[in-house]
Amino acid sequence: MKRTTAVIIGAGHQGLAMSQKLAERGVDHIVVERGQAGNSWRNERWDSLRLLSPNWLNGLPGVPYRGADQDGFLRVSDLISMFDACAHRNATPLMTETKVVALDAFGDGYRVQTDQGAIDCRSVIMATGTNAIANVPAFADAIPVDIVQHTPLSYKRLSDIPDGGVLIVGAAASGVQLARELQLAGRQVTLAVGNHVRMPRKYRDADIMVWMEITGMFDESHRDVDDLARVRRRPSPQLIGAPSHQQVDLNALQDLGVEITGRLASIAGGSAWFSGSLANHCTAADLKMNRLLDRCDAWAVEHGLDALIEQPHRFAPTRQPAEPRLKLDLTDGSVRSVIWASGFRPDYRWLNLPVVDGKGRLVHDGGVVGNGLYAMGLPFLRTARSQFISGGEGDSTALADHMCNWLAKPLAA
């Protein structure tokens, strides 16, 4: 049996950031990790993946990016090296290869039960992120057994995908990146498109994330957002971290030969059936992108930069087939694999506390669950920056301060 003041569950970038902040405040703690630091990046990403955020956004606590290409995009292998350096430099109190199997209220705090024994503590930070389980619909069981199925967590490299057609379900970041990779490799890709966020890689001489930084979009508070639940469900943007900084929107994919369809509605009778909603989803995504660009233009005018940089422009509307496909035969051999890029969800099966709503979502206020329990690594946890690596700094500072104030309160008699 171990005892400490705080337990951090997860040694990704958020968990490592929180560990550094607690160490700075003199709070003894343990970081429990099911694998090694950055485990999901080590074992649940495909080999060719690069981060979609530029390098200046990708520093870890005490290990800022120091390379020559600030506007480039890290390979996952380089990020893993940064995780190792971060844990070493900060002497992070890691318990690696340790799986959490239960979290319960216990005494004046919590008991974290692991496969290596129990840890009692006053406070717990759940830094397990949101991408623990890939969303795969129940009707996936109706796909013919000879078709290979993957998710972005299981796909590693081209050799995982047999020759022939590929159906990719979902057009957020993972879906469009994999569609591009596989189409360029000679697979014929059909991409089922639902709700998505279209975003240019570059606009008016700068990466779109530079615009989000300088306009303050990254730092908008969760308290100032209308319909926060909807914003937290928003898909990741259609971006790719390629050295050439190219677009990877639906127009670019169609230029490569990718066929786009509406949202996958069901699998029945040996066929995939698609909704007729493609036009609506594409029109909505174009509209929201243009609103984003309007904000960038307004900022440029307000700060006297409008005449000094590339002039405002808008990108071509998303092209759509004249008659989008509504059905795809899965029995004629033309489709050999399916990739479910239809989003992710957290895994709270070990959480034995009444803090999850009826839809399986953790109930929290900016990462504060209550009674010394905290969460990190969730979309728009405290700001729009929270979903990026750079968000760990601000989120961990705020939550560490909250925790110290909570720990300073006298225990109930």
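The structure we're discussing is the one just above.
All figures in this text were calculated on a predicted structure; none of them were measured in a lab. (Residues numbered from 1 in each chain as written. Predicted model: local features only at pLDDT ≥ 70, side-chain atom pairs only at ≥ 80, totals over all residues. Heavy atoms only, no water.)

Enquirer: So what about the side chain of S390? Which residues, and what values?
Expert: With respect to the helices and strands, S390 occurs in the loop between β22 (373-375) and α9 (391-408). Contacts of S390, omitting those with residues within four sequence positions, involve L57 and R385. (Helix = DSSP H or I, 4+ residues; strand = E, 2+ residues; numbered from the N terminus. Contact = heavy atoms within 4.5 Å.)

Enquirer: Just give me the short version of the packing of helix α1 (residues 13-24) against α9, but keep the residues and values in it.
Expert: As a packed pair, α1 and α9 sit with axes 8 Å apart at the nearest point and diverge in direction by 45 degrees. Between α1 and α9, the interaxial angle falls into the category oblique. Handedness of the α1/α9 crossing: right-handed. Two secondary-structure elements touch here, α1 through Q14, A17, M18, K21 and L22 and α9 through G391, G392, E393, D395, S396, T397, L399, A400 and M403. A per-class count over the contact of α1 with α9 returns six nonpolar, five polar and three charged. (Axes fitted to C-alpha atoms, helices over the stretch in contact; angles between N-to-C directions. Parallel < 35°, antiparallel > 145°, perpendicular 65-115°, else oblique. Left-handed = near helix turned anticlockwise from the far one by under 90°. Nonpolar A, V, L, I, M, F, W, Y, C, P; charged D, E, K, R; others polar.)

Enquirer: So what's going on with the side chain of K21? Which residues, and what values?
Expert: Mapping K21 onto the fold places it in helix α1. Setting aside anything within four residues of it in sequence, one finds K21 in contact with E393, S396, T397 and A400.

Enquirer: Mind laying out helix α8 (residues 278-302), listing which residues take part and the relevant values?
Expert: For α8, built from 25 residues, the straight-helix expectation of 36 Å at 1.5 Å per residue is met to within 8% by its first-to-last C-alpha distance of 37 Å. Looking only at α8, the buried set comprises L278, C282, A285, D286, M289, L292, L293, C296, D297, W299 and A300. G304 occupies a position one or two residues after α8 and carries a positive phi of about 70 degrees. (Expected span 1.5 Å × (residues − 1). Buried < 20%, exposed > 50% of the residue type's maximum accessible area, 1.4 Å probe, protein only.)

Enquirer: I'd like a description of unusual backbone geometry, backed by residues and values.
Expert: With a phi angle near 50 degrees, E97 is a residue other than glycine that sits in the positive phi range. By the secondary structure assignment, E97 is in the loop between β4 (94-95) and β5 (100-106). Positive phi outside glycine occurs at D205, with the angle close to 75 degrees. Classification of D205 as exposed rests on a relative accessible area of 53%.

Enquirer: Got a sec to walk through the environment of Q70? Specific residues and values, please.
Expert: Within the secondary structure, Q70 sits in the loop between α2 (39-43) and α3 (76-89). For Q70, a relative accessible area of 32% translates into the label partly exposed. In sequence terms Q70 and N58 are 12 residues apart; their C-alpha atoms lie 9.5 Å from each other. Contacts of Q70, omitting those with residues within four sequence positions, involve P54, N55, W56 and Y65.

Enquirer: How would you explain the environment of R345 if you had to name every residue and give the values?
Expert: Following the sequence through the fold, R345 ends up in strand β20 (residues 344-345). We classify R345 as partly exposed; its relative accessible area is 40%. Taking the C-alpha atoms as reference, R345 lies 8.7 Å from G129; in sequence the two are 216 residues apart. Here the side chain of R345 touches N135 through a polar contact of 3.0 Å, side chain to side chain. (Polar contact = N/O pair within 3.5 Å; in protein donor to acceptor, adjacent residues only side chain to side chain.)

Enquirer: Explain the pairing of strand β16 (residues 264-268) to me, using residue names and the numbers behind them.
Expert: Residues in a regular strand project their side chains so that they alternate between the two faces of the sheet. In the sheet, β16 pairs with strand β17 (residues 271-274) via four bridges, with the strands oriented antiparallel. Across the sheet, residue L264 finds its bridge partner in β17, namely F274. What sits between β16 and β17 in their antiparallel hairpin is a turn of two residues, with G269 showing a positive phi close to 60 degrees. (Pairing = 2+ DSSP bridges.)

Enquirer: Could you give an account of helix α4 (residues 173-184), naming the residues involved and the relevant values?
Expert: Its 12 residues give α4 an end-to-end C-alpha distance of 17 Å, which sits within 8% of 16 Å, the value for a rise of 1.5 Å per residue. In terms of burial, α4 is a largely internal element, nine of the 12 residues being buried. Residues A173, S174, G175, V176, Q177, L178, A179, L182 and Q183 constitute the buried set of α4. Elements in contact with the buried residues of α4: β11 (165-169), β12 (189-192), α7 (250-256), β19 (335-340) and β20. G186 sits one or two positions beyond α4 and adopts a positive phi of about 100 degrees.

Enquirer: Outline the nonpolar core, listing residues and values.
Expert: Counting residues in each nonpolar core, the largest one holds 82 residues, and the members touching the most others are L103, M126, I168 and L191. Ranked by residue count, the leading element in this core is α3, at seven residues. Not counting residues within four places of it along the chain, the set of residues in contact with L103 comprises Y110, R111, V112, V124, M126, W350, L351, N352, L353 and L373. Counting residues in hydrophobic clusters, the runner-up holds 21 residues, among them M209, F218, L292 and L293. (Core = buried A, V, L, I, M, F, W, Y, C linked by side-chain atoms within 4.5 Å.)

Enquirer: Lay out the sheet that holds strand β1 (residues 2-3) in plain terms, naming residues and giving numbers.
Expert: One open sheet accounts for four strands, arranged β1-β7-β6-β5; its pairing is mixed. With one partner strand each, in any of the chains shown, β1 and β5 form the two edges of the open sheet. Alignment of β1 against strand β7 (residues 117-121), held across two bridges, turns out to be parallel. From the neighbouring strand, R3 faces β7, where its bridge partner is D120.

Enquirer: Any details on the pattern of salt bridges? Residues and values, ideally.
Expert: Scanning all chains against the criterion turns up 26 salt bridges. Put simply, R34 and E44 hold a salt bridge, and the shortest N to O gap is 3.2 Å. Taken together, the positions of R34 in the loop between β3 (29-32) and α2 and E44 in the loop between α2 and α3 put the pair 10 residues apart, joining distant regions of the chain. A relative accessible area of 46% means that R34 is categorised as partly exposed. Judged by its relative accessible area of 15%, E44 falls in the buried class. D207 is the partner of R201 in a salt bridge, and the nearest nitrogen-oxygen pair spans 2.9 Å. The residues R201 and D207 share a single accessibility class, namely buried. (Salt bridge = Lys/Arg side-chain N within 4 Å of Asp/Glu carboxyl O.)

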